[in-house]
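A structural walkthrough
If you want the building blocks of each chain, they are given just below.
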Amino acid sequence: MTVIGLGAMGRALAGAFLREGHRTTVWNRTAEKADELVARGAVLAGSVGEAVAASPLVVVCVTDYDAVRELLDPVDLGDRAVVNLTSGTPGAARELAGRVGAYLDGGIMATPAAVGTAEAVLVCSGSRAAFERYEPVLRGLGAETVYLGEDAGLAALYEVGVLGLMWSTLNGFLQGAALARAAGLDAASFAPLAVKSMESVAGWLPDYARQIDEGSYPPLDATIDVHLAAMRNLIEESESLGVSTELPRFVKALADRAVAEGRGEEGYAALVEQFGKPS
Ligand code: FVH
């Protein structure tokens, strides 16, 4: 295995391959970041070309696709498989796939600490042959390794979608934590209820997905009208505690538009129609 890019994530990837017993060659622009891995048996390549030549499978994980191109463009990749775990856009992934023989684009849905554990999910798209050949090795990065299809852009599409869900969820928690703090409570007192609530909401998603695919939104949890009343409560309480109302007002504006379109009696999944329009 070769790992190019030894930032927080790259070091975790190389560490997982070493743990799995793979002969691992590494390269990083700042060579010192390889020290701990070399101490654990990794081989430090003197150049990207040397690192690529060392293995049939090259994993790249750097800041962005510009860096990936800067590193790989000058190198003859031959018939090597490249697994690019750098975050990027579907378009950039497709463009890169057009330049690399056996290309897999991927998103490692994990923190560096979770790499190689049951918590980590690796989504891949692009060369099916490369995925089938190297899936056993890639499983060492994340217990769940999902192949999304030949379109190299799919992994990035799913990754940006999951990242959007993560940020929205965390923003909702931070709004609640700010309310708790403004009311003189510890965020730690709010967290357990927040975790419980996130677990319940996570359970709703498959039904929401089915409704969206069917295009019909009977209320499963509550109608949009009922949600709207609670949104007003959140805005009023945020105002009275001197906490930002920006996020709840954005949430309410979506519901207001849906009601204005006559969807007040429908389930919350009907708001997908608001997200589906260009801003
Ligand atoms: N960290 C995380 O939790 C997330 C999990 C999900 C996936 N992301 C993506 O992984 C990519 C790398 O993220 P990272 O956390 O490892 O980032 P850094 O620790 O900042 O390391 C960046 C590495 O990239 C190298 N690098 C940057 N620009 C260049 C360049 N022009 N030429 C060569 N190397 C470059 C940098 O090298 P150096 O600064 O150590 O010399 C690091 O090795 C990223 O896409 C996340 O979105 C992580």
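Numbers given for residues are sequential positions, taken from 1 along each chain in its written order. Where totals are concerned, whole chains, interfaces and linings use all residues; where local detail is concerned, this predicted model gives features only for residues with pLDDT of at least 70, and gives and counts side-chain atom pairs only at 80 or more. The side-chain figures draw on all heavy atoms in the structure; neither hydrogens nor water molecules are used.

What follows is about the layout of surface pockets. Here a cavity denotes a set of grid points, spaced 1 Å apart and computed over the protein atoms alone, in which a 1.4 Å probe fits but from which it cannot get out, and a pocket denotes an open set meeting protein on both sides within 12 Å along at least five of seven lines; residues with an atom within 4 Å of a point are reported as lining. Grid points are joined across faces, edges and corners, and a volume is the space filled by probe spheres set on the points. Quantified by volume, the largest pocket comes out at close to 2,100 Å³. Together, 40 residues line the largest pocket, and Leu165, Ser168, Thr169, Val201 and Tyr268 are the ones closest to its centre. Contributions of two or more residues to the lining of the largest pocket are made by α7 (154-182), α8 (187-214), α9 (224-240), α10 (246-260) and α11 (272-275). Secondary structure elements are defined from DSSP: runs of H or I of at least 4 residues count as helices, runs of E of at least 2 residues count as strands, and each element is numbered from the N terminus. Top contributing element to the lining of the largest pocket by residue count: α7, with 14 residues. Residues are grouped as follows: Ala, Val, Leu, Ile, Met, Phe, Trp, Tyr, Cys and Pro are nonpolar; Asp, Glu, Lys and Arg are charged; all remaining types, including Gly, are polar. Grouping the constituent residues of the lining of the largest pocket by class yields 30 nonpolar, 10 polar and no charged. Reported here for the second largest pocket is a volume of approximately 830 Å³. Elements with a contribution of two residues or more to the lining of the second largest pocket: α1 (8-19), α4 (65-72), β6 (102-109) and α7. Residues of the lining of the second largest pocket, tallied by class, amount to 18 nonpolar, nine polar and five charged.

Moving on to the pattern of salt bridges. We define a salt bridge as a contact between a side-chain nitrogen of Lys or Arg and a carboxyl oxygen of Asp or Glu at a distance within 4 Å. Taken as a whole and assessed by the stated rule, the structure comprises 16 salt bridges. Residues Arg99 and Glu95 are paired through a salt bridge, measuring 3.7 Å at the closest nitrogen-oxygen approach. To sort residues, take the accessible area from a 1.4 Å probe on protein chains only and compare it with the maximum for the residue type: under 20% means buried, over 50% means exposed, and anything in between is partly exposed. Exposure remark for Glu95: the relative accessible area of 36% places this residue in the partly exposed category. Among the charged side chains, a network of salt bridges with common partners joins Arg69, Asp73, Glu95 and Arg99.

Here, a strand pair is defined by DSSP locating no fewer than two bridges between the strands. Here eight strands make up an open sheet; going across it, the order is β3-β2-β1-β4-β5-β6-β7-β8 and the pairing mixed. Edge positions in the sheet fall to β3 (43-44) and β8 (144-147), since each of these pairs with one other strand and no more. In this structure, strand β1 (residues 2-4) lies alongside strand β2 (residues 25-27), joined through three bridges in parallel fashion. Within β2, the residue paired with Ile4 across the bridge is Trp27. The contact definition used throughout considers only heavy atoms, calling two residues in contact when any of these lie within 4.5 Å. Lines fitted to the C-alpha atoms define the axes, with helices restricted to the stretch that makes contact. Angles between their N-to-C directions range from 0 to 180 degrees. Contacting β1, β2, β4 (57-60) and β6, α1 runs over the sheet at an angle of about 170° to β1. Across the sheet, α4 is in contact with β1, β2, β4, β5 (81-84) and β6; its angle to β5 comes to roughly 155°.

Here we come to the domain arrangement of the protein. Where each domain starts and ends follows an automatic or database-derived domain assignment. Taken domain by domain, the protein holds domain 1 (2-149) and domain 2 (186-275). Taking only C-alpha atoms, the centre of domain 1 and the centre of domain 2 are 38 Å apart.

All right, on to the site of the ligand then. Here, proximity means that at least one heavy atom of the residue falls within 4 Å of the molecule or strand. The immediate surroundings of the ligand are formed by 23 residues, with Asn28, Arg29, Thr30, Lys33 and Ser87 found nearest. As used in this structure description, the phrase polar contact means that two N or O atoms lie within 3.5 Å; if the pair is within protein, one of them must be able to donate a hydrogen and the other to accept it, and residues adjacent in sequence are counted only when both atoms belong to side chains. For the ligand, an oxygen atom lies 2.7 Å from a polar atom in the side chain of Lys33. Only the protein chains shown count as cover for residues, with accessible areas throughout obtained via the Shrake-Rupley method and a probe of 1.4 Å. Notes on the ligand: free accessible area 900 Å², of which the protein chains cover 74%. What decides whether a molecule sits in a cavity or pocket is whether more than half of its atoms lie within 2 Å of the grid points. In a pocket analysis with a 2 Å cut-off to the grid points, the ligand is assigned to the second largest pocket. When residues of the shell around the ligand are traced back to their parent elements, those giving at least two are α1 and α4. Within the shell around the ligand, the residues separate by chemical class into 11 nonpolar, nine polar and three charged.

Before going further, it helps to spend a moment on the packing of α7 against α8. Where α7 contacts α8, the axes come no closer than 9 Å and their chain directions differ by 145°. Read as a crossing pair, α7 and α8 show a hand that is right-handed. Here Thr169, Phe173, Gly176, Ala177 and Ala180 of α7 come into contact with α8, specifically with Ala187, Phe190, Ala191, Ala194 and Met198. What makes a crossing left-handed is the near helix being turned counterclockwise from the far one by less than a right angle; a clockwise turn instead makes it right-handed.

All right, on to the packing of aromatic side chains then. Put simply, two rings from Phe, Tyr or Trp (the six-membered ring, in Trp's case) pair if the centres are within 6.5 Å, and we call them stacked under 30 degrees between planes, edge-to-face over 60, tilted for the rest. Applying the stated rule across the entire model yields three aromatic pairs. Where Phe131 meets Tyr147, the ring centres are 4.9 Å apart and the plane angle is 25°; that geometry is what we call stacked. You can see Phe131 sitting in helix α6 (residues 128-138) and its partner Tyr147 sitting in strand β8, a full 16 residues away along the chain. Across this residue pair, the class does not change: Phe131 and Tyr147 are buried. Note on Trp204 and Tyr208: the rings are 6.4 Å apart at their centroids and 20° apart in plane angle, and the pair reads as stacked. With Trp204 and Tyr208 both in helix α8, this residue pair falls four residues apart, about one helical turn.

We now examine the pairing of β4. Here β4 shows no split at all, with Leu57 and Val59 on one side and Val58 and Val60 on the other all buried. Two elements, β1 and β4, share three bridges in a ladder whose sense is parallel. By the bridge assignment, Val3 is partnered in β4 with Val59. Pairing between β4 and β5: four bridges, direction parallel.

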